[in-house]
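# Structural description and commentary
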Amino acid sequence: MTRVPATTNLFSPATLTRRTVVGAGLSAAALLALTACSPQPQLLSPQSAAVRAAEKRRLSSGNSVKVDLRASETTVDLAGTLAATWSYGALPAATIRTTQGDLITARVVNDLPEATTVHWHGIALRNDMDGAPHLTQDPIPPQSEFNYQFLAPNAGTYWFHPHVGTQRDRGLLGALIIEDPHEPLVYDDEWVVVLDDWIDGVNATPPEIFAELSQGMRGASNSQSNIMQNARSSLLRGHAGDVKYPHYLVNGRPAADPETFRSRPGARIRIRLINAGGDTAFRVALGSHRMTITHTDGYPVEHVDVDSILLGMGERYDVLVTLGDGAFPFVAEAEGKQARGFAVVRTASLATAPASNVTVPELTGQVGTADQLVADAEFALPIKDIDRQLTVRLTGGMASYDWALDKRPFNMDKPLDNARIIRAGERVGIDFVNTTTMWHPMHLHGHTYQHLGGGPRKDTSIVVPGQTLSVIFDADNPGQWMLHCHNVYHSESGMMTTVAYEK
């Protein structure tokens with residue numbers, strides 16, 4: 001396995017020694033010789049005893065849940081448009097539901113024409129079950145299978161998807177709900193709502209989209225281009241997205257064939273929102289209703305009433321809504337793209353269903369975003385000095401499509417090159433510094449961090465242009481973990497790195 005040079009740790013004793021030597025006037029040749037002799041950090045592997053020990057320390061209910069997922073080629077019907085795609089048998093896959101502390105055993109059969117994995121997004125699980133190809137596991141070859149087995153450590157709204165190439169922008173996705181055995185919220189019903197942008201099998205495939213994007217803006221003026229130039233959002237402070245999607249889906253259904261959620265007037269509903277899109281932020285609203293945000297990325301927050309919510313790719317929000325009497329538009333506005341996903345919420349059988357293009361005033365009312373939220377006191381990280389500070393600069397641009405971190409594009413064949421090194425037990429700070437002109441939803445595997453200053457606990461956060469977003473987390477889950485932009489085309493371009501634990 002490739003070892004990471006000590007120079008990647010800006011606070012390592014070796015680095016400080018070299019700086020001192022440079023200040024004394026050593027020649028470049030002498031400096032290089034000294035660097036070559038410097039000890040390289042020994043990293044904890046995903047299969048290490050430390051990873052197994054961490055799993056044994058997790059809460060266990062003694063119960064188990066078995067899941068079968070078969071990744072295969074399929075055709076989905078999008079309101080009369082037949083799209084050839086890949087899925088786990090349905091779009092989205094059947095929701096996996098379990099309880100905190102349960103042992104999940106997921107048998108994944110790969111009937112696809114290429115290798116794949118499954119990443120369990122947002123779950124602080126054991127490292128060797130994370131589904132990161134060439135880092136935590138070898139990809140599952142075609143006509144093969146792999147058994148994922150891990151304890152469900154934290155209650156909340158999570159989801160699963162592949163982590164190979166651009167596969168995440170196909171139909172391989174589903175919700176994973178981990179119930180709290182001592183759930184404090186009171187509600188009458190629960191809806192899981194998966195939002196998605198869709199192009200696979202309609203205008204192009206995701207690999208074709210990535211090939212076109214990789215040419216930068218050269219082909220964007222072509223009328224047949226799938227590149228979007230005029231997507232603008234004040235909320236996202238600039239360019240909103242790269243890809244022209246022909247469909248935006250709510251639970252796998254387009255606006256022309258909308259999903260209908262049924263209930264009764266006065267019912268209190270918990271809605272679990274998941275943005276499974278590849279390149280689209282969604283602004284979500286329920287016409288004629290306010291929503292109360294209760295959780296984000298699985299973790300409770302102090303309750304906030306809003307008219308709508310902005311979700312970047314990979315983010316999840318839980319809300320409570322008390323339903324009125326009638327038929328109401330549920331809208332997932334594709335932020336900056338002048339299109340929307342659409343569903344109907346019905347509590348009266350004779351009420352006329354709203355049109356998909358209906359004006360929804362809540363979209364322009366109070367928009368809930370992560371920077372407005374405060375972590376529930378029970379789940380806030382304890383106050384503690386930061387032991388290790390990491391700075392991650394988001395770099396690149398649309399013109400050359402050279403997205404990266406610190407101008408170093410990630411190499412999936414060498415995932416430990418330029419890794420960020422941490423040690424178990426440390427309080428780690430990360431400054432995400434966005435030097436680009438586009439927003440990026442940054443996602444850390446295997447941990448939940450907290451926005452600095454008492455903000456929410458999250459694993460995926462929007463970082464807008466010109467912003468430095470500071471977060472903290474405790475290094476309590478040993479192994480090797482990916483950190484990347486959750487725009488599938490940005491991460492595939494190279495906006496990804498590894499956070500690795502030192503022995």
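Residues numbered from 1 in each chain as written. Predicted model: local features only at pLDDT ≥ 70, side-chain atom pairs only at ≥ 80, totals over all residues. Heavy atoms only, no water.

## Topic: the sheet that holds strand S8 (residues 174–179)
Note: strands within a sheet are paired through backbone hydrogen bonds, in either parallel or antiparallel orientation. The four strands are arranged S3-S8-S7-S5 in an open sheet whose pairing can be described as mixed. The open sheet terminates on both sides in strands that have one partner only, identified here as strand S3 (93–99) and strand S5 (119–121). Pairwise comparison of adjacent strand axes, ignoring direction, gives a mean angle of 25 degrees for this sheet. Note: S3 against S8, five bridges, orientation parallel. Note on S8: the bridge partner recorded for Thr99 is Glu179. (Pairing = 2+ DSSP bridges. Helix = DSSP H or I, 4+ residues; strand = E, 2+ residues; numbered from the N terminus. Axes fitted to C-alpha atoms, helices over the stretch in contact; angles between N-to-C directions.)

## Let's talk about helix H3 (residues 49–57)
Here H3 has its buried residues at Val51, Ala54 and Glu55. Buried positions in H3, seen along its axis, are confined to an arc of 100 degrees and lie on one side of it. Seen from the buried face of H3, the exposed residues on the opposite side, beyond 90 degrees, are Ala49, Lys56 and Arg57. (Buried < 20%, exposed > 50% of the residue type's maximum accessible area, 1.4 Å probe, protein only. Arc of directions from axis to C-beta.)

## Some remarks on the domain arrangement of the protein chain
According to the domain assignment, the protein chain consists of domain 1 (49–183), domain 2 (190–374) and domain 3 (388–501). The gap between the C-alpha centroids of domain 2 and domain 3 is 24 Å. Of the roughly 2,500 Å² buried where domain 2 meets domain 3, counting both sides, 63% is carbon and sulfur surface. When the buried surface of domain 2 facing domain 3 is broken down by residue, Phe210, Tyr299 and Met313 rank first, second and third, together holding 22% of it. Where domain 2 packs against domain 3, one counts three salt bridges. With a closest N to O distance of 2.8 Å, Lys458 and Glu315 form a salt bridge. Inspection of the domain 2/domain 3 interface yields eleven residue pairs in polar contact (both at pLDDT 80 or more). Sorting the residues of the side of domain 2 that touches domain 3 by element identifies helix H4 (206–213), strand S17 (299–306), strand S18 (308–311) and strand S19 (316–322) as the ones contributing at least two each. Tallying contributions element by element places H4 first for the side of domain 2 that touches domain 3, with four residues. Of the residues assigned to the side of domain 2 that touches domain 3, the class counts are 21 nonpolar, nine polar and six charged. (Domains from an automatic or database assignment. Buried area = accessible area lost by both parts, 1.4 Å probe. Salt bridge = Lys/Arg side-chain N within 4 Å of Asp/Glu carboxyl O. Polar contact = N/O pair within 3.5 Å; in protein donor to acceptor, adjacent residues only side chain to side chain. Nonpolar A, V, L, I, M, F, W, Y, C, P; charged D, E, K, R; others polar.)

## Digging into the nonpolar core
Counting 107 residues, the largest nonpolar core has Trp120 and Phe432 as the members making the most contacts within it. With near-sequence residues (within four places) excluded, Trp120 lies in contact with Leu69, Ile96, Ala106, Leu125, Met129, Asp130, Tyr148, Phe150, Trp159, Phe160 and Leu176. Ranked by size, the runner-up nonpolar core spans ten residues in total, among them Leu416, Ile421, Met496 and Ala500. (Core = buried A, V, L, I, M, F, W, Y, C linked by side-chain atoms within 4.5 Å. Contact = heavy atoms within 4.5 Å.)

## Observations concerning the packing of aromatic side chains
Considering all chains together, one arrives at eleven aromatic pairs under this definition. For the ring pair Tyr248 and Phe282, a centre distance of 6.1 Å and an interplane angle of 80 degrees mean the geometry is edge-to-face. You can see Tyr248 sitting in strand S12 (residues 247–250) and its partner Phe282 sitting in strand S15 (residues 282–286), a full 34 residues away along the chain. Both residues of the pair, Tyr248 and Phe282, belong to the buried class. Taken together, a centroid distance of 6.0 Å and an interplanar angle of 85 degrees make the contact between Tyr401 and Trp403 edge-to-face. Using a relative accessible area of 1% as the deciding quantity, one classes Trp403 as buried. (Phe/Tyr/Trp six-rings, centres within 6.5 Å; stacked < 30°, edge-to-face > 60°.)

## A short note on the pairing of strand S14 (residues 268–275)
Within S14, seven of the eight residues are buried, which leaves it mostly tucked inside the rest of the structure. Sheet topology places strand S9 (residues 189–198) next to S14; seven bridges connect them, and they run parallel. By the bridge assignment for S14, Leu195 is matched with Asn275. With seven bridges connecting them, S14 and S19 associate as antiparallel partners. Opposite Arg268, over in S19, you have Thr322 as the bridge partner.

## Comments concerning the environment of Gly429
Among the structural elements, Gly429 can be located in strand S26 (residues 427–434). For the pair Gly429 and Arg264, spaced 165 residues apart in the sequence, the C-alpha separation amounts to 46 Å. Beyond its immediate stretch of four places on either side in the chain, Gly429 contacts Ile386, Arg388, Gln389, Leu390, Val471 and Ile472.

## Here we look at the side chain of His440
Along the chain, His440 falls in strand S27 (residues 440–444). Residue classification places His440 among the buried positions, given a relative accessible area of 0%. Here Thr436 takes part through its side chain, which lies 2.9 Å from a polar atom of the side chain of His440. Not counting residues within four places of it along the chain, the set of residues in contact with His440 comprises Leu394, Trp403, Asn434, Ser461, Ile462, Val463, Cys485, His490 and Met495.

## Describing the side chain of Arg388
In this structure, Arg388 sits in strand S23 (residues 388–395). A polar contact of 2.8 Å, which involves the side chain of Arg388, links it to the side chain of Glu426.

## Observations regarding the UniProt feature "domain: Plastocyanin-like" (unreviewed entry) in the protein chain
Residues annotated by UniProt as "domain: Plastocyanin-like" (unreviewed entry) correspond here to residues 83–182, 224–339 and 393–501. Along residues 83–182 the backbone is 0% helical and 43% strand, and the end-to-end C-alpha distance reaches 42 Å. Strand forms 51% of residues 224–339 and helix 0%; the C-alpha atoms that close the span are 18 Å apart. (UniProt positions renumbered as here; feature names shortened; annotations may be inferred.)

## Description of H4
Restricting attention to buried positions, one finds in H4 the residues Pro206, Ile209, Phe210, Glu212 and Leu213. Taken down its axis, H4 places every buried residue within 160 degrees of arc, on the same side.

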